[in-house]
Amino acid sequence: MTDSKYFTTTKKGEIFELKAELNSDKKEKKKEAVKKVIASMTVGKDVSALFPDVVNCMQTDNLELKKLVYLYLMNYAKSQPDMAIMAVNTFVKDCEDLNPLIRALAVRTMGCIRVDKITEYLCEPLRKCLKDEDPYVRKTAAVCVAKLHDINAQLVEDQGFLDTLKDLISDSNPMVVANAVAALSEIAESHPNSNLLDLNPQTINKLLTALNECTEWGQIFILDCLASYLPRDDRESQSICERVTPRLSHANSAVVLSAVKVLMKFMEMLPKDLDYYGTLLKKLAPPLVTLLSAEPELQYVALRNINLIVQKRPEILKHEMKVFFVKYNDPIYVKLEKLDIMIRLASQANIAQVLAELKEYATEVDVDFVRKAVRAIGRCAIKVEQSAERCVSTLLDLIQTKVNYVVQEAIVVIKDIFRKYPNKYESVIATLCENLDSLDEPEARAAMIWIVGEYAERIDNADELLESFLEGFHDESTQVQLQLLTAIVKLFLKKPTETQELVQQVLSLATQDSDNPDLRDRGYIYWRLLSTDPVAAKEVVLAEKPLISEETDLIEPTLLEELICHIGTLASVYHKPPSAFVEGSRGVQHKRLPPRAGSGESTESPDVGQSGPSEAPPAVIPSQGDLLGDLLNLDLAPPTATVPSVQPSMQMGAMDLLGGGLDSLLGGDIGGSPSMGAGLGAAPAAMPASLGGAPAVGGGLGDLFDLGGGVGMPTGSYVAPKTVWLLAMKAKGLEISGTFARRGGIIQMDLSLTNKAMSVMTDFAIQFNRNSFGLAPAGPLQVLTPLSPNQTIDVSLPLSTSGPVMKMEPLNNLQVAVKNNIDVFYFSCQYPLSLLFVEDGKMDRQVFLATWKDIPNDNEAQFQIKDIHLNSDVASNKLQGSNIFTIAKRTVEGQDMLYQSVKLTNGIWVLAEMRIQTGNPNYTLSIKCRAPEVCPFVYQCYELVLKN
């Protein structure tokens, strides 16, 4: 009879009977009783009252009985720690048993008993087992060290177990090596900076030797460890690849994926012109194809990993298109994933085959699959230009089927095809308009409205079509309402006489009758644009649109690199880094591919970006559809004709933003067209009106988001204390405080990031809107560790002045967007102008005199600096610390006169005369500048430096 009988009993009050049986003299009866206890424990009954009786049964030579007792102990030791100490002596004794199975069993159980009181007693037996003569005991003890480290890390380090583990990597038995590697990897994961796995060529050689002889899971541990090694050069990289390649033919799919991960990493270091590189590409394809003949769940995991591999190296599977064709009995999740990979592999060579398949899929019964197939046809048209015509005719054939959801998907993708190939396929618009009444999904209706608005001049009854949508305006989704508003404004700009009533109707609906802020804002912006300057409105609304890219859903390159390093893990299935779904400190170590060596091509690895200062800083957020990127790429200046256009060569700092400056300082000209100089010269009259005062957009982002706040102004050695720029309540728990400083000629933004939320924050990035002096981050925001709840991290961000320029109101206003894994947040702050005072701002005396006379008196501003108790020499020294240089000093009737010059990063010169009367705490400051808007901000800097 089988052991299932132990689970069928329904007796009550059996604890007493079991107690008697456990204390029986007969071995068989004892064993039966322990089995009953384990059965009761397994089904959830509380049998902890029998603890002393079960522990007494440990003193036996019967291996089966000992295993059962140990199982009971592991389960109840935590709830009965005092009684568990009774078992310690038996453990110690069992660790010296003649039978290696019993020694291993004892050490394994010791590792599973998570009771602090017991752990210190287990150190000596564990030390002996780590050096046991039997490899089975040693491999079990290696794993026990990792378990003990989880309970008491300090104890493991003090007892020297980590060094013993490292020694086991050189063990003669491959399974011991594999377990030692697994244990060290586990410990290293919880201590990312510990460098426990100190890998070197000798160690790697030992691991590769053990790789051929250990079990499949041992191979996975070793391969994962190899993946974290950085070879010295391409020869070592090739040598490791050659020894790992045989693992690709392993029966276990986990071993195959781990081997693929190692090869994908080390291929980065192989020159592309190497023969072996081509051979390796060919060897990688068959194992990946073989994975697709497994059961559906494994297929799905394989496909998710293949999706990453194809994005990184499409050449591996470019000839294997047919294996990704969908089978009729594939589950939907496998079908959708295969479809995605088919599009990634689509090329001119195989597009006919792919389109034939996709057209077939579009007639299937599974609605989700059909939708994705129709979208795939559109993506193929965008990706392979030569196939666009064939794709469009295929989509028209599908529209003729009149199947509702097929028609709607087809219209959505045709809109994208119009964006990619303007003025090429507009002949199909008539066919699309015929199906207008059948559209009931928001995305399809929005796409159709966009087409009608964009090509209104080619559609005779465009106004009637849009009016038909307008009848149920309030019942439409936001997406459709926004699109309808824009389409009618486009129509009005193209046919103003016929559509005046229609545009007034839609603007009224959007602004007065709607409670959606997005719709209202867009309505008001259009209204003001149309009423203020219809020409500018035309330039904005009917501007030429950028072509859409062929692959909008590619994973962002740095994330793709990290995911390639996690092939074969959950991260590669989710397509998210471990930090996005693993809580706590474990698993959040960011991995990167090694830099490509020995070839001229630039690598995508961010580490290599540090090799030369001449390289451009990487884009903070490069992904195409990124919300932050989109928002900050908007031109927030009102599109009026008075904004001067700047030549590209002038935009990087030599350009005089506010007019005047270096160009006429010495009677010369710094270049640029005369019209540009004229436009800038009229700054006081023309520019505030055009850049700040137009009613069209108000004050830009600051007004839209109601942002305010500012910061005290640090100068030279004085740095203002940090103030809160972004409140936690406005940023889902993220609080940002900051200040600015200029240190050694480098502008820095000092930030304190505080996490007041309950979840970990990662993936920080920062971007600035265009501003008066072109301030921009000189590199990414370096938040190297995840920001845990209630933690504050201080970060110093270097800034450059080579960013895009747009005059702000006030002049020193800076609009900032910060992104993390939760959302994108916006705030504005004000920087002191002294940040921009450069070190070479001391003007020659003669030039100073000539320039002072040359600047019109209308450009002179006078200020009083009150309550300053410093003599002229101290004041002069203080100001020089902030790059305000004294050119000359003279004393007239007891009054010291300091003549000073300041040069800004964009080449503007500011000249000043400061009068200091002995005994009078109030100074008089006269400032002259060709850009008078700067004067009040320079005065603020004087005041701040002298008073601190």
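The protein appears in an unreviewed UniProt entry as AP complex subunit beta from Cyprinus carpio carpio. On record in UniProt, under Sequence similarities (unreviewed entry), the comment for the protein is "Belongs to the adaptor complexes large subunit family." Taken verbatim from the UniProt record of the protein, the Subcellular location (unreviewed entry) comment is "Endomembrane system".

Student: Explain the side chain of S572 to me, please; I cannot follow it from the model alone.
Tutor: With respect to the secondary-structure elements, S572 resides in helix α33 (residues 570–574). S572 sits in the buried class, given a relative accessible area of 0%. One polar contact links S572 to N305, side chain to side chain, over a distance of 2.8 Å. Polar contacts involving the side chain of S572 include one to the main-chain carbonyl oxygen of T569, which spans 2.7 Å. S572 has contacts with R304, N305, L308, H566 and I567, leaving out every residue within four places of it along the chain.

Student: Looking at this structure, how should I read the sheet that holds strand β2 (residues 734–743)?
Tutor: Sheet strands pair via backbone hydrogen bonds, and the direction of the pair is either parallel or antiparallel. The sheet built from five strands is open, its strands ordered β1-β2-β3-β6-β5 with antiparallel pairing. Looking along the sheet, the strands with just one partner apiece sit at the ends: β1 (723–726) and β5 (776–777).

Student: I keep staring at the environment of Q864 and nothing clicks. Help me out?
Tutor: You can see Q864 is positioned in strand β9 (residues 860–865). A sequence separation of 60 residues divides Q864 from T924, and the C-alpha atoms of the two residues are 4.9 Å apart. Sequence-distant contacts of Q864, that is, excluding residues within four places in its chain, are made with N922, Y923, T924 and Y939.

Student: When you look at the packing of aromatic side chains in this model, what are you seeing that I'm missing?
Tutor: A ring pair, where both rings are aromatic, is described by two values, the distance of the centres and the angle of the planes. The full count for this structure, using the stated rule, is twelve aromatic pairs. Geometrically, the ring pair formed by Y300 and Y333 is edge-to-face, given 5.5 Å between the ring centres and 90° between the ring planes. Of this pair, Y300 sits in helix α19 (residues 296–312) while Y333 sits in helix α20 (residues 332–345), placing them 33 residues apart in sequence. The class for Y333 is partly exposed, based on a relative accessible area of 33%. With a centroid separation of 6.3 Å and an interplanar angle of 70°, the aromatic rings of F848 and Y899 are classed as edge-to-face. You can see F848 sitting in helix α38 (residues 845–854) and its partner Y899 sitting in strand β11 (residues 895–903), a full 51 residues away along the chain. Given a relative accessible area of 6%, F848 falls into the buried group. Ring-pair connections join several aromatic residues into one group, and the members of that group are W725, F740, F827 and Y831. It is K335 that lies over the ring of F369; its NZ or CZ is 5.2 Å from the centre.

What counts, and where the lines are drawn
- Residues numbered from 1 in each chain as written.
- Predicted model: local features only at pLDDT ≥ 70, side-chain atom pairs only at ≥ 80, totals over all residues.
- Heavy atoms only, no water.
- UniProt positions renumbered as here; feature names shortened; annotations may be inferred.
- Helix = DSSP H or I, 4+ residues; strand = E, 2+ residues; numbered from the N terminus.
- Buried < 20%, exposed > 50% of the residue type's maximum accessible area, 1.4 Å probe, protein only.
- Polar contact = N/O pair within 3.5 Å; in protein donor to acceptor, adjacent residues only side chain to side chain.
- Contact = heavy atoms within 4.5 Å.
- Pairing = 2+ DSSP bridges.
- Phe/Tyr/Trp six-rings, centres within 6.5 Å; stacked < 30°, edge-to-face > 60°.
- Lys NZ or Arg CZ within 6 Å of the ring centre and 35° of its normal.

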